[in-house]
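If you want the building blocks of each chain, they are given just below.
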Amino acid sequence: MDMPFETPRWLRDLLRFLPLKSQFVLSGNVRDLQAAEVAPGIVTAQPFEHCLRDALRAAGFRHVLMWGPLEGFEVLDQPGEDPAEGRALLEALGLQGGGSGAPAGIDLLGATLQRLASHEGGAIALVVDFASRLVVRSESLSDVEHRFFTQALVLSHRARTRPIGAERKPFFNNVFWVVEKEGDLPDWLTVDNPRLRHIPVARPDQRVRGALVPALLRGLPGAAEAGADPLQQAAQDFVEGTEGLLLADLQAIAQLARVEALPVSRIGDAVRRYKVGVTEDPWLRIDRARIRDADGFIRRRVKGQDHAVTHMLDLVKRAVTGVGSSRKGSRPRGIAFLAGPTGVGKTELAKTVTHLLFGDENAYIRFDMSEFSAEHADQRLIGAPPGYVGYDVGGELTNAIREKPFSVVLFDEIEKAHPRILDKFLQILDDGVLTSGRGDRVYFSESLIVFTSNLGIYRQDEHGARVANVSPHEPLAQVQAKVREEIERHFKLVLNRPEILNRIGENIIVFDFIRPDVAGQIFDQMVDATLADLSAQAMQVSLAAAARESLRGLCLADLSNGGRGIRNQLEVHLINPLARRLFDMDAVAGERFDITRLDADGLELLRS
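Residues numbered from 1 in each chain as written. Predicted model: local features only at pLDDT ≥ 70, side-chain atom pairs only at ≥ 80, totals over all residues. Heavy atoms only, no water.

Student: Teacher, can you tell me more about the overall build of the chain here?
Tutor: Broken down by element type, the chain carries 22 helices and 23 strands. Its C-alpha atoms give the chain a radius of gyration of 34 Å, more than 25% over the compact-globule value 25 Å for 608 residues. Counting over 608 residues, the chain shows a buried share of 48%. Sequence-distant contacts in the chain: of pairs separated by 6 or more residues, those separated by 24 or more amount to 71%. (Helix = DSSP H or I, 4+ residues; strand = E, 2+ residues; numbered from the N terminus. Rg over C-alpha atoms; globule rule 2.2 N^0.38 Å. Buried < 20%, exposed > 50% of the residue type's maximum accessible area, 1.4 Å probe, protein only. Contact = heavy atoms within 4.5 Å.)

Student: Sorry, what's going on with the pairing of strand S1 (residues 23-28) here?
Tutor: Residues in a regular strand point their side chains to alternate faces of the sheet. A large share of S1 lies buried, amounting to five of its six residues. Here six bridges tie S1 to strand S11 (residues 196-201), and the two strands are oriented parallel to one another. By the bridge assignment, Phe 24 is partnered in S11 with Arg 197. (Pairing = 2+ DSSP bridges.)

Student: Any chance you could explain helix H14 (residues 346-358) here in plain terms?
Tutor: Think of an α-helix as 3.6 residues a turn; residues three or four steps apart then line up on the same face. Between its first and last C-alpha, H14 extends 19 Å over 13 residues, near the 18 Å set by a 1.5 Å rise per residue. By the burial criterion, the buried members of H14 are Lys 346, Leu 349, Ala 350, Lys 351, Thr 352, Val 353, Thr 354, Leu 356 and Leu 357. Along its buried surface, H14 packs onto helix H11 (288-292), helix H12 (294-301), helix H13 (306-321), strand S12 (334-339), strand S14 (407-412) and strand S17 (447-453). Immediately downstream of H14, the backbone of Gly 359 shows phi near 80°, a positive value. (Expected span 1.5 Å × (residues − 1).)

Student: Just to check I follow, could you spell out the packing of helix H21 (residues 545-555) against helix H22 (residues 562-584) for this structure?
Tutor: The geometry of a pair of packed helices is captured by two quantities: the angle between their axes and the separation between those axes. Put simply, H21 and H22 touch, their axes get as near as 9 Å, and they point 130° apart. Classified by the interaxial angle, the pair formed by H21 and H22 is oblique. Crossing of H21 over H22 shows right-handed handedness. Judged by residue contacts, Leu 551, Leu 554 and Cys 555 of H21 engage Ile 566, Gln 569, Leu 570, His 573 and Leu 574 from H22. Each residue belonging to the contact of H21 with H22 can be placed in one class, and the counts come to six nonpolar, two polar and no charged. (Axes fitted to C-alpha atoms, helices over the stretch in contact; angles between N-to-C directions. Parallel < 35°, antiparallel > 145°, perpendicular 65-115°, else oblique. Left-handed = near helix turned anticlockwise from the far one by under 90°. Nonpolar A, V, L, I, M, F, W, Y, C, P; charged D, E, K, R; others polar.)

Student: Would you mind showing me how to read the confidence of the model for the chain here?
Tutor: Fine structural detail should not be taken from predicted coordinates in areas where pLDDT scores are low. Averaged over all residues, the pLDDT of the chain is 87; the fraction at 70 or higher stands at 95%. Here strand S6 (residues 101-102) stands out as the least confident element of the chain, with mean pLDDT 64; strand S10 (residues 175-178) is the most confident, with 97. (pLDDT = per-residue confidence, 0-100.)

Student: Can you help me understand unusual backbone geometry in this one?
Tutor: Where the residue is not glycine, phi is negative for most of them; where a peptide bond is considered, it is trans in most cases. In this structure, Asp 192 is a non-glycine residue whose phi angle is positive, near 55°. By secondary structure assignment, the location of Asp 192 is in the loop between helix H6 (187-190) and S11. Positive phi values are uncommon outside glycine, yet Asp 586 reaches one of about 55°. Here Asp 586 shows up in the loop between H22 and strand S22 (592-599).

Student: Please clarify how empty space enclosed by the protein should be interpreted in this entry.
Tutor: A water-sized probe, rolled over the atoms, reveals where empty space remains. Enumeration over the complete set of coordinates arrives at two cavities of 30 Å³ or more. Here the largest cavity is characterised by a volume of approximately 130 Å³. Around the largest cavity, the lining comprises 14 residues; the ones closest to its centre are Ala 117, Leu 155, Ala 159, Asn 173 and Val 175. What the second largest cavity holds in volume is close to 40 Å³. Every residue along the wall of the second largest cavity is listed here: Phe 337, Ile 414, Leu 422, Phe 425, Leu 429, Phe 451, Phe 491, Ile 500 and Ile 504. Elements supplying a minimum of two residues to the lining of the second largest cavity: helix H17 (419-431) and helix H19 (498-504). Considering every element that reaches the lining of the second largest cavity, the biggest residue donor is H17, with three residues. (1 Å grid on protein atoms, 1.4 Å probe; cavity = no way out; pocket = protein on both sides within 12 Å on 5 of 7 lines; lining within 4 Å. Points joined across faces, edges and corners; volume = space filled by probe spheres on them.)

Student: Help me out: how do you make sense of the packing of aromatic side chains in this one?
Tutor: The geometry of an aromatic ring pair is captured by the separation of the ring centres together with the interplanar angle, meaning the angle of the planes. Across all of its chains, the model carries 13 aromatic pairs by this definition. With a centroid separation of 4.9 Å and an interplanar angle of 75°, the aromatic rings of Phe 148 and Phe 149 are classed as edge-to-face. Among the aromatic residues, ring-to-ring pairing joins Phe 337, Phe 367, Phe 372, Phe 411, Phe 425, Phe 451 and Phe 491 into one connected group. For Arg 380, the ring lying beneath its charged end belongs to Phe 372, and the centroid distance is 4.3 Å. (Phe/Tyr/Trp six-rings, centres within 6.5 Å; stacked < 30°, edge-to-face > 60°. Lys NZ or Arg CZ within 6 Å of the ring centre and 35° of its normal.)

Student: I'm lost on the pairing of strand S23 (residues 602-607) in this one. Help?
Tutor: Both S22 and S23 contribute to a ladder of six bridges, which runs antiparallel. Among the inter-strand pairings, Leu 598 is bridged to a residue of S23, identified as Leu 603. Connecting S22 to the antiparallel partner S23 that follows it, the hairpin turn spans two residues.

Student: Just to check I follow, could you spell out the environment of Arg 290 for this structure?
Tutor: Here Arg 290 is to be found in helix H11. Remark: the alpha-carbon pair of Arg 290 and Gly 183, spanning 107 residues in sequence, is separated by 56 Å. Setting aside its immediate chain neighbours within four residues, Arg 290 contacts His 355, Leu 356, Leu 357, Phe 358 and Gly 359.

Student: What exactly am I supposed to notice about the sheet that holds S14 here?
Tutor: Two pairing modes exist for strands in a sheet, parallel and antiparallel, and in both the strands are linked by backbone hydrogen bonds. With parallel pairing, five strands are arranged side by side in an open sheet as S13-S14-S17-S12-S20. Among the strands making up the open sheet, the edge pair consists of strand S13 (365-368) and strand S20 (508-510). Direction aside, neighbouring strands of the sheet carry axes that sit 20° apart on average. Of the pairings in the sheet, the one linking S13 to S14 comprises four bridges and is parallel in character. Opposite Asp 368, over in S14, you have Asp 412 as the bridge partner. On top of the sheet, H13 reaches S12, S17 and S20; it is set at about 155° to S20, its chief contact. Where H14 meets the sheet, it contacts S12, S14 and S17, and its direction lies at approximately 170° from that of S14.

Student: I tried to follow the layout of surface pockets on my own but got confused; where do I start?
Tutor: Within this model, the largest pocket holds a volume of roughly 700 Å³. Together, 25 residues line the largest pocket, and Gly 343, Val 344, Gly 345, Glu 348 and Arg 564 are the ones closest to its centre. Elements supplying a minimum of two residues to the lining of the largest pocket: H12, H14, helix H20 (516-536) and H22. Of the residues contributing to the lining of the largest pocket, the split by class is six nonpolar, eight polar and 11 charged. Looking at the second largest pocket, its volume works out to about 530 Å³. What lines the second largest pocket is a set of 24 residues, among which Asn 454, Ile 457, Tyr 458, Arg 459 and Arg 466 lie closest to the centre. Contributions of two or more residues to the lining of the second largest pocket are made by strand S18 (458-460), strand S19 (466-468) and helix H18 (476-494). The class makeup of the residues in the lining of the second largest pocket is nine nonpolar, eight polar and seven charged.

Spelled out as structure tokens, the structure:
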């Protein structure tokens, strides 16, 4: 996958405007390594200041001088140059110091700017590194800071070019301000200043990464013996898996692969380890026999939703095997959108899948999206931006994924979230990455994302009233079609977010209503579980057949609230009256009781 090297755009722009502008502001990816072609066909990563130095020296500058807040002034010599020339330059600018450097504060930096502007002889470039740290607040400068930048503004206008060299090219003694953001410097210095040019330094794109990757792969175990095709495949995996990362990250990944003796064919594993911080792929360590035999286990907990169980298990198996999903990127292992009436087992299915994967149903990360209905609620998920309250705390979602990258993430009742939140979900579904308020990139490549929603159960009629869209009397196929149609309408026309629906694809799983036969199974399971809990406390309670049937009729009279409604009626007609009677009878462990009668008015409990 060798790509021809191309000088970075920021550097091409800088060289183009050197004869036209006296000062430059370089912002953005200035702390990263930069790709440089040190010999024909040989690309390596260099520190930003070295790349800038080499480009300026090649353009005809005699010296490149750098100022830093710790080291002060330093002449950036090229290898093999006589350091005496650097010391002579410092002395000519009125700077004294040992070696080729000289300490300096903001006052001396200001005086040096003035001497630099009038300096004759060979062209000199001054790089002011960490210029963002020259001020505390760019919108509220101190007297010293204001005087310094006013001087810089005036000098940018007064500077004049002069012809240098045999070709008599025009040169300024240019000043380069290196900042993280353009706004770190006063606006009145940078905005609408015809003598100053702002040049953003972008993150490395695929072409830049592709040019550097072959050199990084050559140092990995097995690279020397690998053929051209395996090396090309490894390079492609490396480039595609590091989308959004810096060149410094690529170098660190290659170093990680060398330290952990990963062969070149497993560079994708090194990328994953670097991103999420886990050594082995947790999905490959899951007990496959447990998932293979999980069908019956899930159906015992989620009643009457066989199609949903099958679809969800398919998603889990795809996540484990990696079939149909590229592991080169960062997209989540699986995405499921569980829709249907309330109380039919959507959340229960997510909890059951979590139990399969982790052995603990409470190990999932759950967010109730009704708590995120406000416009700025996204700050709770990803963290507040710099300068706002809570910035140092981080976001609930980004913190949780950073702590547990291998997890099931459940977003309950997604339709209640503010539309602004949905843009964050689009990033997760599309790129598998979120950038927190603190600027950290958090990866969801090892997560299983589950959304639950009641969308499609109700709709608005022509008068804007909320009416039922589906009913328990309709067959499952009709319920599924109507719910899907309403979900599509909601995302496309109400939220204007059809792209989110596209990312979910065919993974919308519509749950059926709790039908009478299934409701009877749920009822029996709940009653048996209640009596078993009492038995575990050494208190035997039996329920007469007639009382059980009477209770069944009370609990199953209204199935509109699904299994949750059955549980509520069971509490009203059995659990609460039984607890009241046991308390009044001073029941103790070891006793036996019989429920002989149960109706809407209460129950009759006798010691046996």
